[in-house]
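So you can see what is in the structure, the chains are spelled out below.
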Amino acid sequence: MERITVGINQQKNLPPKVHYALSRVLHACAEQMTAPVNQSLSTLKDDLPLMIGREASKTREIVLFSHCKSLSSNWLRLLPALLAHIERGLSSIRDEDDDHIVQSHARIASSQWTLSDVDGDEHVEGTTDFGRVINESRLPLYLLGQRFGVLAESAAFEPNAIPIGPQKLVDALTEASREVFGEDFPHTLLADAVAQKLFRIYPSLVNSVNTELDRASILPGLTFVPSLKRDGATAAKAPPMEDGMPEDDSVEYREAPSASTARERFVQAVATPDFTQMQSLLARAKGRMPWRQSAEMDSQSALSGPAVASLIDALPSRDTSGRPLGIRQLQDELNTRAKAVHGPNAHLTSQLSDSIELLGMLYDAICRDVHKQSRALELLTRLQVPLVRMAVSSQAFFDQASHPGRQIMNHVAESGAAIDDDSTNVDLRFDAALQHAVERVEKEYRGDEAVLQNINVELSEAHEQQVKRSQAVEQRHVDTASGLERLAIAREAAKSLLDERIGARQLPAHTNVLLRTAWQDALTFIRLRNEPHTDTWKRHDRLTNRILEIAESPDPVDDVDLRDSITAILKRTGYHIEDATEVGHALSRSASVPNDPDRMPMTRLVVAVKARPRFGESGREAQQIETISAPRTPAEEECFQRVRNLPFGCALDFVINQQGDVRRRRLSWYSQITGNALLVNRQGARVGEMQLDQLARLMAIGQVRVVEKNQASLFDRAWMATKNTLESFGKLLANPALPVAS
């Protein structure tokens, strides 16, 4: 089948980021719609001839035969036409005459559905139940409406106002049908047939579009969770959402400030293993048969949960020399105490032993990803005994991403993640909150998950505050970088004006130098605060022409007003009053005017002005431009185009040594004009500035990688690493000739 090419109309003058995001939406629609649209048309193509002969009217049969022939000949044109209509809807979301905020269509009960008449001259109301479709995708549509509101710079879109909302899709189908098959075709019949097939995959379509907009940094991480209205402190916790928003009026909705829900969705998408699967892998890695591993649980000597909990309460966190005990040492100590208290045959059940052993492997995997000099390692060490208690209390610690103990552990670990390398840039307030949380876990947690929940809520609030502080710090750096960009634009405008006005004129050497230095600084200062159409900028354009007239005049000219104007603007630009006065004097007099012996010698003035730093320019920028002047290779040019279209805030991984160690940075901001890019760390602090050209060259040789959105948490990555390790050992045991994966 011919490949369909889609794109967003560039004549709408949409901002680059909006154009890129809408292009991703259109591509997602093309991928999701191709199969259902073509399948429904193929089915309709086979079913439509069966309607011939049902009525006595020969005219009707002739019309139906004509429709069948038209459908057979042109059905492949419908999908491109449909996508073209969707593209027009997407590209016009910012049109002022388009009302995006409309009420949803009234829900039509299924009892009111009817078969469409195939008569070409009869127009039947659409039979699609939009209310049902919206209800089935209520949450994704709500999030999509929020994102389209951002793209359109308007309020959030109602479901049927979204360009790919149910109503808009059916309208686009009808218009595409008219375009492809002509006015006499039964468009309602076709639209209903395609819509019924299309709406079966509609939740997947909306989720796919949300994912693409999330990757394009349009409200990244946006998620909503339901919470029950509370009558008091004992109000029930809101049930988790699986397939969209419940319709119960007792539910209210609030935005989840953390990314835990998005992270859970990602973890589910990559099929994170549960405890049962990991226990089975552990058994194979040990050479046991998985179905035999529960034999010990039937033993009379196996300890009960309360007995194990009391033993854990008595476990020491350090050995006799004061060194902290590891998870495996704690397991050995637990087995020793079990035999000492309950007899030599006492032992933990296979399930509890496996829980502790898996926890030990998970803990080691997490510690490998934590910076060795960070405070997080110390806090993780203090959490070992509570973690053992969590692991033996419930499998939920391993299975549920929302488990409060798991989230606390993840907060602690990610505060010292080696990939971020922020060990020297610590948020003292959040660090204090982490220490307080660990202290509370040590003192208060004795198996009651409600205690962990309270601690986690407190720590999550502290984390949200840390994120806000980081965003504020980052925004200050972005504002500074944006200011430098405006300065560069102003400097280029001043230079362009002088290039245009001077042209091929033969000016005195000192005049040319002063124009290209001091007066260009003055013009830059004026342009920074005034647009080209303003009277102030036009006035300084006239002053430039007056300076040139005087410089070329053969007659003696001394323009006092011009001198005062030049002196005043140079003083505002930052020049010392003496230098400003001397420059004003030099540029307001023609060469034929006799020199004043009391004035600064022209050579000394030129040297002083040339030695002065240019307004809004640094030596580092000139050095960068010189460094990246070499032409780019085709691979570097491809990377350069990709870098220039990356969304602000995306993460980049930099390979820092030959061992492949990586440091993660946020591409907080970059300028398409100057090519300068701002890099910040997790705390929002500026860690460097690079040219987009430099990033592209590093990307071309694999030294820089763009991080995909919705990556798993450190805990989830460690859990997957543990799974891979167990699988490798299991394969090695089954086939000793195979190497173990690193």
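Residues numbered from 1 in each chain as written. Predicted model: local features only at pLDDT ≥ 70, side-chain atom pairs only at ≥ 80, totals over all residues. Heavy atoms only, no water.

Chemist: Hey, could you run me through the overall build of the chain in this one?
Modeler: Counting secondary structure elements, the chain contains 28 helices and seven strands. For the chain, buried positions account for 46% of its 742 residues. Within the chain, residue pairs in contact and separated by at least 24 positions form 71% of the contacts whose partners lie at least 6 positions apart. (Helix = DSSP H or I, 4+ residues; strand = E, 2+ residues; numbered from the N terminus. Buried < 20%, exposed > 50% of the residue type's maximum accessible area, 1.4 Å probe, protein only. Contact = heavy atoms within 4.5 Å.)

Chemist: Would you take a moment to explain the side chain of N210 for this structure?
Modeler: As for its position among the elements, N210 is in helix α8 (residues 202-215). Judged by relative accessible area, which is 8%, N210 ranks as buried. If sequence neighbours within four positions are ignored, N210 has contacts with P140, L143, L144 and R147.

Chemist: What is the right way to look at the packing of helix α13 (residues 350-368) against helix α14 (residues 375-382) in this model?
Modeler: A pair of packed helices can be characterised by two numbers: the angle between their axes and the separation between those axes. Remark: α13 packs on α14, axes separated minimally by 11 Å, with the N-to-C direction vectors making an angle of 170°. Here α14 runs roughly antiparallel to α13, going by the angle between their axes. Of the two elements, α13 crosses α14, and the hand of that crossing is right-handed. Along the contact surface, α13 presents Y363, I366 and C367, while α14 presents L377, L380 and T381. Partitioning the contact of α13 with α14 into residue classes produces five nonpolar, one polar and no charged. (Axes fitted to C-alpha atoms, helices over the stretch in contact; angles between N-to-C directions. Parallel < 35°, antiparallel > 145°, perpendicular 65-115°, else oblique. Left-handed = near helix turned anticlockwise from the far one by under 90°. Nonpolar A, V, L, I, M, F, W, Y, C, P; charged D, E, K, R; others polar.)

Chemist: Any chance you could explain the packing of helix α23 (residues 577-587) against helix α24 (residues 602-611) here in plain terms?
Modeler: Running from N to C, α23 and α24 cross one another at 120°; their axes reach a closest spacing of 11 Å. By the angle between their axes, α23 is oblique relative to α24. You can see that α23 and α24 cross each other, and the crossing is left-handed. Note on element contacts: α24 touches α23 through M602, L605 and V609, opposite D579, E582, V583 and A586. Its residues placed into classes, the contact of α23 with α24 shows five nonpolar, no polar and two charged.

Chemist: Can you help me understand the environment of G305 in this one?
Modeler: Tracing the backbone shows G305 in helix α11 (residues 305-313). Taking the C-alpha atoms as reference, G305 lies 9.1 Å from L348; in sequence the two are 43 residues apart.

Chemist: What exactly am I supposed to notice about the pairing of strand β6 (residues 686-691) here?
Modeler: Note on strand geometry: in a regular strand, side chains alternate between the two faces of the sheet. Examined bridge by bridge, strand β5 (residues 676-680) and β6 share five bridges and lie antiparallel to one another. If you follow N676 over to β6, its bridge partner there is Q691. Where β5 folds back onto β6 in an antiparallel hairpin, the turn is made up of five residues, including G684, whose phi is positive at roughly 85°. (Pairing = 2+ DSSP bridges.)

Chemist: Could you clarify how one ought to interpret α14 in this entry?
Modeler: A turn of α-helix holds 3.6 residues, and therefore any two residues three or four places apart point the same way. Among the residues making up α14, those that are buried are A376, L377, L379 and L380. Around the axis of α14, the buried residues are gathered within 165° of arc, so they sit on the same side. Looking at the buried side of α14, the elements it contacts are α13, α15 (384-393), α17 (404-414) and α18 (428-444). (Arc of directions from axis to C-beta.)

Chemist: For this particular structure, what's the right way to read unusual backbone geometry?
Modeler: Across the chain, the bulk of peptide bonds are trans and the bulk of non-glycine residues have phi less than zero. Although it is not a glycine, E153 adopts a positive phi angle of roughly 55°. Considering the arrangement of structural elements, one finds E153 in the loop between α5 (138-152) and α6 (166-181). Of note in this structure, L219 is not a glycine but carries a positive phi near 50°. Tracing the chain through its elements places L219 in the loop between α8 and β1 (224-228).

Chemist: Would you take a moment to explain the side chain of S355 for this structure?
Modeler: Summarising the element assignment, S355 is placed in helix α13. According to the relative accessible area criterion, S355 is buried, its value standing at 2%. At 2.8 Å, the side chain of S355 and the backbone oxygen of Q351 are in polar contact. When sequence neighbours within four positions are dropped, the list of residues in contact with S355 reads F275, A391 and F398. (Polar contact = N/O pair within 3.5 Å; in protein donor to acceptor, adjacent residues only side chain to side chain.)

Chemist: Explanation requested: the pairing of strand β4 (residues 662-670) in the structure shown.
Modeler: For β4, a buried count of eight out of nine residues is recorded, marking the element as mostly surrounded by other parts of the structure. In the sheet, strand β3 (residues 650-655) pairs with β4 via six bridges, with the strands oriented antiparallel. Bridging across to β4, F654 finds its partner in R663. Turn length for the β3-β4 hairpin, with the two strands adjacent in sequence and antiparallel, is six residues, and the turn residue G660 shows positive phi of about 90°. Relative to β5, β4 runs antiparallel, the two being bridged by four bridges. Directly across from L667, in β5, lies its bridge partner L679. Hairpin connection, β4 to β5: the antiparallel pair is bridged by five residues, and G675 has positive phi, about 75°.

Chemist: Is there a simple way to think about the confidence of the model for the chain in this case?
Modeler: Atom-level detail of predicted coordinates should not be read off regions where pLDDT is low. On average, the chain scores 78 in pLDDT, and the residues at 70 or more come to 78%. Long-range and interchain partners of residues 53-59, a stretch whose pLDDT sits below 50, account for three contacts in this model, where long-range means more than four residues apart. Low confidence marks residues 290-298, where pLDDT is under 50. Its contacts with residues over four positions away, or in another chain, come to 17 contacts. (pLDDT = per-residue confidence, 0-100.)

Chemist: Quick question: what am I supposed to make of the packing of aromatic side chains here?
Modeler: We describe a pair of aromatic rings using the distance from one ring centre to the other and the angle between the two ring planes. In this structure the tally under the stated criterion is eight aromatic pairs. Each ring, one from F398 and one from W719, has its centre 5.3 Å from the other, and the planes form 25°; the classification is stacked. Of the two residues, F398 is situated in helix α16 (residues 396-399) and W719 in helix α28 (residues 714-734); the sequence distance between them amounts to 321 residues. Clustering of aromatic rings is evident, with ring pairs tying together F275, F397, F398, F715 and W719. Over the face of the ring belonging to Y575 we find R612, whose NZ or CZ atom lies 4.0 Å from the ring centre. If you follow R632 out to its NZ or CZ, it ends over the ring of F640, 3.8 Å from the centre. (Phe/Tyr/Trp six-rings, centres within 6.5 Å; stacked < 30°, edge-to-face > 60°. Lys NZ or Arg CZ within 6 Å of the ring centre and 35° of its normal.)

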